[in-house]
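Residue-level listing of the chains:
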Amino acid sequence: PHRDFDSRILAFEDFVHGRSLPYDDNGHGTHVLGILGGSGRASNGKFRGAAPGCGLIPLKVLDKNGNGSQETVIEAMQWILKYREKYHIRIVNISVGMLPQSDEREEERLINGVEALWDAGLVVVAAAGNLGPKEGTITTPGDSKKIITVGSSDDQYYIDQRGSTKKHYSGRGPTKECVCKPDVVAPGSYIRSCNAKFARQRGQPYVVKSGTSMATPIVSGAIADVMSKYPEMSNVEVKLKLRESSSDMGADYNRQGWGQLNIKKLLE
């Protein structure tokens with residue numbers, strides 16, 4: 001694991017290959033984890049995550065090419081429900097999303113999975129996906145009406161997406177159930193965070209990536225901060241406080257939701 005995670009990886013579970021020790025053969029998870037809770041140790045504190053002191057439990061659901069299956073994601077959700085009390089899990093960050101499917105039953109299984117986590121009292125934060133800017137482009141499970149869905153506030157920049165460039169990538173609502181999404185937006189373009197290759201190949205300690213996967217852990221980390229300050233808050237109270245504190249960007253609701261994350265106001 002990257003040195004910025006210190007000794008804060010409390011548990012690790014691999015739903016792809018079944019390995020027991022933490023590893024990342026793709027780099028997506030390490031980057032996301034660094035945005036959420038990296039300590040900045042490899043940069044003398046310059047590049048820190050939103051909640052640099054939080055406990056971390058990475059659950060591997062993607063292979064080395066960044067592909068995954070619905071089954072591994074559902075297994076990870078079930079693992080969280082089983083071990084949430086043992087590890088005092090309070091926040092679930094989901095920086096993955098399923099592309100639109102013709103089989104609505106498959107989408108429903110994922111939505112039921114995240115809503116079971118929410119109903120258990122966990123704060124669930126999921127990416128809006130990078131299929132924008134058309135309407136109805138929120139990926140699953142970000143299209144759940146219960147959980148907190150995060151888009152990118154700065155998706156006007158061109159980013160690389162599987163070999164092609166695009167901008168205005170952040171997923172837009174409404175969902176199939178006519179729910180406005182995302183709920184909130186945060187910076188997602190050109191975010192510098194932990195490089196998985198640093199530990200095993202002695203590469204650069206940090207790397208730049210873009211997407212709603214990067215915006216999501218900024219919000220999750222901010223929520224970790226506010227729950228550290230107000231530990232008795234429920235997930236519903238967190239969602240309401242997030243709504244009340246976000247800054248209106250003047251964009252359409254299905255582009256920005258409540259607005260851009262405002263951590264200073266959130267922590268008041």
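Our subject is the structure that appears above.
This text gives an overview of the structure that appears in the document. (Residues numbered from 1 in each chain as written. Predicted model: local features only at pLDDT ≥ 70, side-chain atom pairs only at ≥ 80, totals over all residues. Heavy atoms only, no water.)

**Some points on the side chain of asparagine 195**
Locating asparagine 195 in the fold gives a position in the loop between β9 (191-194) and α4 (197-201). Engagement of the side chain of asparagine 195 in a polar contact is seen with the backbone nitrogen of lysine 197, the distance being 3.1 Å. In this view, asparagine 195 contacts His2, Thr30, Gln204, Pro205, Tyr206 and Val207; residues no more than four positions away in its chain are not counted. (Helix = DSSP H or I, 4+ residues; strand = E, 2+ residues; numbered from the N terminus. Polar contact = N/O pair within 3.5 Å; in protein donor to acceptor, adjacent residues only side chain to side chain. Contact = heavy atoms within 4.5 Å.)

**Thoughts on the nonpolar core**
By size, the foremost hydrophobic cluster in this structure holds 45 residues, and its most contacted members are Ile148, Val184, Val219, Ile223, Leu242 and Leu261. Those residues in contact with leucine 242 that lie beyond four places of it in its chain are Ile148, Val184, Val219, Trp258, Leu261 and Leu266. Among the nonpolar cores identified, the runner-up in size contains nine residues, and Phe5, Leu33, Ala51 and Tyr206 belong to it. (Core = buried A, V, L, I, M, F, W, Y, C linked by side-chain atoms within 4.5 Å. Buried < 20%, exposed > 50% of the residue type's maximum accessible area, 1.4 Å probe, protein only.)

**Examining the sheet that holds strand β3 (residues 91-94)**
Spatial ordering of the open sheet is given by β3-β4-β5-β8, a layout of four strands whose pairing is parallel. If you trace the sheet from one side to the other, it starts and ends with β3 and β8 (184-186), each paired once. Taking the axes of each pair of neighbouring strands and ignoring which way they run, one obtains an average angle of 30° across the sheet. Pairing geometry for strand β4 (residues 123-127) and strand β5 (residues 148-152), over three bridges, is parallel. (Pairing = 2+ DSSP bridges. Axes fitted to C-alpha atoms, helices over the stretch in contact; angles between N-to-C directions.)

**So, a nonpolar patch on the surface**
Together, Tyr157, Tyr158, Tyr190 and Val208 give the surface a local cluster of nonpolar side chains, amounting to about 420 Å² of exposed area. On the secondary structure map, valine 208 appears in strand β10 (residues 206-209). Its relative accessible area of 35% is what places valine 208 among the partly exposed residues. (Patch = residues over 30% accessible without salt bridge, like charges linked within 9 Å, V, L, I, M, F, W, Y side chains within 5 Å. Areas by Shrake-Rupley, 256 points an atom, 1.4 Å probe, with all protein chains shown as cover. Salt bridge = Lys/Arg side-chain N within 4 Å of Asp/Glu carboxyl O.)

**Here we look at helix α1 (residues 28-37)**
Counting buried positions along α1 yields nine of 10 residues, so the element is predominantly enclosed. Every buried residue belonging to α1 is among His28, Thr30, His31, Val32, Leu33, Gly34, Ile35, Leu36 and Gly37, and all of these are buried. For α1, the elements touching its buried residues are β3, β9, β10 and α5 (212-229).

**A closer look at the pattern of salt bridges**
Summed over all chains, the structure comprises eight salt bridges. In this structure, lysine 181 engages aspartate 183 in a salt bridge whose closest nitrogen and oxygen atoms are separated by 2.7 Å. A relative accessible area of 0% means that lysine 181 is categorised as buried. Relative accessible area serves as the criterion here: at 5%, aspartate 183 is assigned to the buried category. Among the charged side chains, a network of salt bridges with common partners joins Asp155, Arg172 and Arg255.

**Notes on helix α6 (residues 235-245)**
Three or more residues of α6 are buried, namely Asn235, Val238, Lys239, Lys241, Leu242 and Ser245. Looking down the long axis of α6, one finds its buried residues gathered within 165° of arc, a one-sided arrangement. In this fold, the buried residues of α6 make contact with α3 (104-119), β4, β5, β8, α5 and α8 (263-266). (Arc of directions from axis to C-beta.)

**Here we look at the packing of aromatic side chains**
Counting across every chain of the model gives six aromatic pairs. Between tryptophan 79 and tyrosine 83, the aromatic rings sit 4.7 Å apart at their centres with planes inclined by 40°, giving tilted as the arrangement. One end of the pair, tryptophan 79, and the other, tyrosine 83, are both in helix α2 (residues 70-83), four residues apart, so they sit about a helical turn from each other. On the basis of an interplanar angle of 15° and a centroid distance of 5.9 Å, the ring pair of tryptophan 79 and tyrosine 87 is categorised as stacked. Residue classification places tryptophan 79 among the buried residues on the basis of a relative accessible area of 9%. One aromatic cluster in this structure is built from Trp79, Tyr83 and Tyr87. A cation sits over an aromatic face here: lysine 239 above tryptophan 118, 5.6 Å from the ring centre. (Phe/Tyr/Trp six-rings, centres within 6.5 Å; stacked < 30°, edge-to-face > 60°. Lys NZ or Arg CZ within 6 Å of the ring centre and 35° of its normal.)

**Structural notes on the pairing of β3**
Taking every second residue as pointing to the same face, the buried face of β3 carries Val92 and Ile94, while none of Ile91 and Asn93 on the other face is buried. Across four bridges, β3 lies against β4 in parallel orientation. Within β4, the residue paired with isoleucine 91 across the bridge is valine 123.

**Description of the packing of α1 against α5**
Their axes nearest at 7 Å, the elements α1 and α5 cross at an angle of 35°. Here α1 runs over α5; the crossing is right-handed. Across the interface between the two elements, His28, His31, Val32, Ile35 and Leu36 from α1 touch Ser213, Met214, Pro217, Ile218, Ser220 and Gly221 from α5. Residue composition of the contact of α1 with α5, by class: six nonpolar, five polar and no charged. (Left-handed = near helix turned anticlockwise from the far one by under 90°. Nonpolar A, V, L, I, M, F, W, Y, C, P; charged D, E, K, R; others polar.)

**Some words on the side chain of serine 189**
Within the secondary structure, serine 189 is located in the loop between β8 and β9. Judged by relative accessible area, serine 189 falls into the buried class, the value being 7%. Here aspartate 154 takes part through its backbone oxygen, which lies 2.8 Å from a polar atom of the side chain of serine 189. Reaching out from serine 189, the side chain makes a polar contact with the side chain of tyrosine 169 at a distance of 2.8 Å. Serine 189 has contacts with Asp154, Asp155, Tyr157, Ile159, Tyr169, Lys209 and Ser210, leaving out every residue within four places of it along the chain.

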